[in-house]
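Residue strings, one per chain:
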Amino acid sequence: MTITTIAHLSEHVGETVTLRGWLYNRRSSKKLHFLQLRDGSGIVQCIATLAHFGEERFPEIGAIGYESSVMITGSVRADERAPGGFEVEAQEVEVVAATTEEYPISLKEHGPDFLLSNRHLWLRSRKQVALMRLRDQVIRSIRNFFHERDFLNIDAPIFTPAACEGTTTLFEVDYFDDEKAYLTQSGQLYMEAAAMAFGKAYCFGPTFRAEKSKTRRHLTEFWMVEPEMAYATLDDVMDLAEDMLQRIVDDVLAHRRADLEVLERDIEKLERVKKPYPRISYSDAVEELNGAGHAFEWGGDFGAPDETELSAKYDAPVLVHRYPQEVKAFYMRRDPDDDRVALGVDVLAPEGYGEIIGGGEREPDLEVLRERIAAHDLPEESFQWYLDLRKFGSVPHGGFGLGLERTVCWLAGIEHVRECIPFPRMLYRIYP
Ligand code: 4AD
Ligand code: MG
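Reading guide: rules and limits
- Residues numbered from 1 in each chain as written.
- Chains lettered and ligands numbered in written order.
- Predicted model: local features only at pLDDT ≥ 70, side-chain atom pairs only at ≥ 80, totals over all residues.
- Heavy atoms only, no water.
- Axes fitted to C-alpha atoms, helices over the stretch in contact; angles between N-to-C directions.
- Helix = DSSP H or I, 4+ residues; strand = E, 2+ residues; numbered from the N terminus.
- Parallel < 35°, antiparallel > 145°, perpendicular 65-115°, else oblique.
- Left-handed = near helix turned anticlockwise from the far one by under 90°.
- Contact = heavy atoms within 4.5 Å.
- Pairing = 2+ DSSP bridges.
- Nonpolar A, V, L, I, M, F, W, Y, C, P; charged D, E, K, R; others polar.
- Buried < 20%, exposed > 50% of the residue type's maximum accessible area, 1.4 Å probe, protein only.
- 1 Å grid on protein atoms, 1.4 Å probe; cavity = no way out; pocket = protein on both sides within 12 Å on 5 of 7 lines; lining within 4 Å.
- Points joined across faces, edges and corners; volume = space filled by probe spheres on them.

A. Summary view of the packing of helix α4 (residues 126–148) against helix α6 (residues 234–255). In contact at an axis separation of 9 Å, α4 and α6 are set at 135° when each is read in the N-to-C sense. The orientation of α4 with respect to α6, classified from their angle, is oblique. Pair α4 / α6 crosses with right-handed handedness. Residues Leu134, Gln137, Val138, Ser141, Ile142, Asn144, Phe145, Phe146 and Glu148 of α4 lie in contact with α6, whose contacting residues are Leu240, Asp243, Met244, Arg247, Ile248, Asp251, Val252 and His255.

B. Seen up close, the environment of Gly14. In this structure, Gly14 sits in the loop between β1 (2–4) and β2 (16–28). With 74 residues separating them along the chain, Gly14 and Val88 place their C-alpha atoms 9.8 Å apart.

C. Molecular detail of the sheet that holds strand β10 (residues 180–183). Reading across from one edge, β8-β10-β9 is the order of the three strands in this open sheet, with antiparallel pairing throughout. Only two strands of the sheet have a single neighbouring strand rather than two, namely β8 (159–160) and β9 (172–174).

D. Seen up close, the sheet that holds strand β11 (residues 200–208). With mixed pairing, the eight strands of this open sheet are ordered in space as β7-β11-β12-β19-β18-β17-β14-β13. The outermost strands of the open sheet, each flanked by one partner alone, are β7 (152–153) and β13 (279–281). Sheet topology places β11 next to strand β12 (residues 221–230); nine bridges connect them, and they run antiparallel. Bridge assignment links Gly205 to a residue of β12, and that residue is Met224.

E. Spotlight on the packing of helix α11 (residues 366–375) against helix α12 (residues 384–391). Close contact between α11 and α12 brings their axes to 9 Å; oriented N to C, the two are set at 155°. One finds that α11 runs roughly antiparallel with respect to α12. Handedness of the α11/α12 crossing: right-handed. In contact with Leu366, Leu369, Arg370 and Ile373 of α11, α12 contributes Tyr386, Leu387, Arg390 and Lys391. The residue inventory of the contact of α11 with α12, partitioned by class, reads five nonpolar, no polar and three charged.

F. Up close: the pairing of strand β19 (residues 397–403). With seven of seven residues buried, β19 lies mostly within the body of the structure. Relative to β19, β12 runs antiparallel, the two sharing five bridges. Pairing of Met229 across the sheet is with Gly398, part of β19. By the bridge criterion, five bridges tie strand β18 (residues 354–361) to β19 in an arrangement that is antiparallel. Looking across to β19, one finds that Gly360 is bridged to Gly399.

G. Summary view of empty space enclosed by the protein. The final tally for this structure, using the stated rule, is three cavities of 30 Å³ or more. Computed from the structure, the largest cavity encloses a volume of approximately 100 Å³. What lines the largest cavity is a set of 15 residues, and nearest its centre among them are Thr160, Ala162, Cys164, Leu189 and Tyr190. A breakdown of the residues in the lining of the largest cavity according to their chemical character gives 10 nonpolar, five polar and no charged. The computed volume of the second largest cavity comes to approximately 50 Å³. Around the second largest cavity, the lining residues are Arg216, Arg217, Tyr353, Arg406, Cys409, Glu415 and Val417.

Honestly, that's just the spatial picture; any functional story needs more than this.
This is how it looks when you write it as structure tokens:
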């Protein structure tokens, strides 16, 4: 017997195959059961008839509990009216393990708290499967993009001796002998070492922020991809960010249309994302906000409503560069043409999804960097190795970090980043 998956049914039209999955849903009439079988690769309708199964088996099939594991053998036929385009006429229905309790997640609406507490089961739902497939595609596109451009994948450590993105969002861990370690906020500083060793490198891993914010954009554990390039300027960094985002959007449209449809995404909006993306300076952005009657004072960091206002005019992500140096991290290079601003860039996603990328050019000068570390009250001992990078062959260099979940959230067009990671960690949630 041929064992296959729902995604591969098109290769077996007219044949008898076995599918192995779980009972997702069922509709019944006197003589027919329409069994919705899911196997992770898709959902297919399998028809079990009274005529075939007989008076005894037919009602048993009608009583199989939702999410029982079942194997169904039957013949495959193409049917345009069937969701997915195929149907299976069941010849055998074998229950592998019947559910012993009623499945907690019915197909009706549930509150977010209940769903999050049942995340291990919620992941089986159609929309969640589509989201995870989208996430997988984004990861794949990113890795392919960097490998095609000769970036080396270099993994950054998770335990670190110091802060990278400010001391207020550090998770402290007890290391050995009373030593403290911190969960990494960003692999960037290590990627700078990697860029000096390999020219172009990227890391892609979990990062941690003890952010006490309960917004739809914040997780305490999230995944970030961070490319870093030697001999690169802010413009090179912006070009790279734009190319990478376009690649992701193109791949998602080419390979994940069905999932976008399950998510009820307005696909036309994604189709309108085309290079070149708008680039505006922070100062121009402030003027634009004020011109639109949205009062904003030069010097502050943009909040979510400001970002939404700024991106509203554009179909594509917008690159905002040269922020006031006070609101940016210690490592950002100052603009030689305007000491008030740093050579950094934030990329704001369309449709109010906010910042998905932060990056820029790094301070290459040893003395300036020393002053900056002191000015930010950071312990210089912990940064000796980082300062070495400026002592031994310092070059202009830069890179960025893209938040994976925020990017998936925008592409999927959903409300909250918590659904864009398999098991979200947030201010009040680390279960399951
Ligand atoms: O702007 P951030 O803080 O930049 C850095 O960490 C740099 N060191 C990266 C670099 O240049 N290599 O964070 C980068 C991105 C943000 O734009 C956002 O997409 C995401 O990481 N991010 C978060 N995502 C979810 N939850 C949070 N709490 C996040 N904080 C940042
Ligand atoms: Mg940022």
